[in-house]
Amino acid sequence: QVQLVESGGGLVQAGGSLRLACAASSGTFSGYTMGWFRQAPGKEREFVSLITWNGGYTYYADPVKGRFTISRDNGRNTVFLQMNSLKAEDTAVYYCAATRNGIIVRSSDYQYWGQGTQVTVSS
């Protein structure tokens, strides 16, 4: 069982930055691919980014490519999402998730989820 807790959300103006963190309780954190997803009001949850267990591979959804950076610190059981040049359309609840299923973007293939953190970008 892996418990995930996100932090770092908040209100920011368009063009600003936020850094999200997701702390995992499990000592086997390093064995999981970690993903970030987001869900805006009235929309389905969508994939944002993922990072493999050793940080050797990262992948981004097109809307965030070049603006967001995912990273992880296995020694601290934490994954990060640095978000720069934020836009109003980035407003959503952001969730981190963990999977042993490799490089996947489908939310249903992630076994563990955090409770989410709200990101609001004012235009």
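Our subject in this report is the structure included herewith. What you see is a predicted model, and the numbers here were worked out from it, not measured in a lab. (Residues numbered from 1 in each chain as written. Predicted model: local features only at pLDDT ≥ 70, side-chain atom pairs only at ≥ 80, totals over all residues. Heavy atoms only, no water.)

**Notes on the packing of aromatic side chains**
Part 1 of the argument: For the structure shown, the criterion picks out seven aromatic pairs.
Part 2 of the argument: Measuring from centroid to centroid gives 5.0 Å for Phe37 and Trp113, while their planes differ by 50 degrees, and the two rings are tilted. Of this pair, Phe37 sits in strand β4 (residues 33-39) while Trp113 sits in strand β10 (residues 112-113), placing them 76 residues apart in sequence.
Part 3 of the argument: Across the ring face of Trp113, the terminal group of Arg45 is positioned such that the distance to the ring centre comes to 4.6 Å. (Phe/Tyr/Trp six-rings, centres within 6.5 Å; stacked < 30°, edge-to-face > 60°. Helix = DSSP H or I, 4+ residues; strand = E, 2+ residues; numbered from the N terminus. Lys NZ or Arg CZ within 6 Å of the ring centre and 35° of its normal.)

**Focus on the state of the cysteines**
Part 1 of the argument: Tallied over the entire structure, the rule returns one disulfide.
Part 2 of the argument: Paired by a disulfide, Cys22 and Cys96 hold their sulfur atoms 1.9 Å apart. Linking Cys22 and Cys96, the disulfide has an S-S dihedral of approximately 45 degrees and is accordingly described as right-handed. In this pair, Cys22 is assigned in strand β3 (residues 18-24) and Cys96 in strand β9 (residues 92-99), connecting sequence segments 74 residues apart. (Disulfide = S-S within 2.5 Å.)

**Observations regarding unusual backbone geometry**
Most peptide bonds adopt trans geometry, and most residues besides glycine take a negative phi value.
Part 1 of the argument: Phi is positive for Asn77, which is not a glycine, with a value near 50 degrees.
Part 2 of the argument: Positionally, Asn77 belongs in the loop between β7 (68-73) and β8 (78-83).
Part 3 of the argument: A positive phi angle, near 50 degrees, is found at Ser85, a position not held by glycine.
Part 4 of the argument: When you line up the elements, Ser85 lands in the loop between β8 and β9.

Geometric descriptors of this kind do not, in isolation, establish any biological role.
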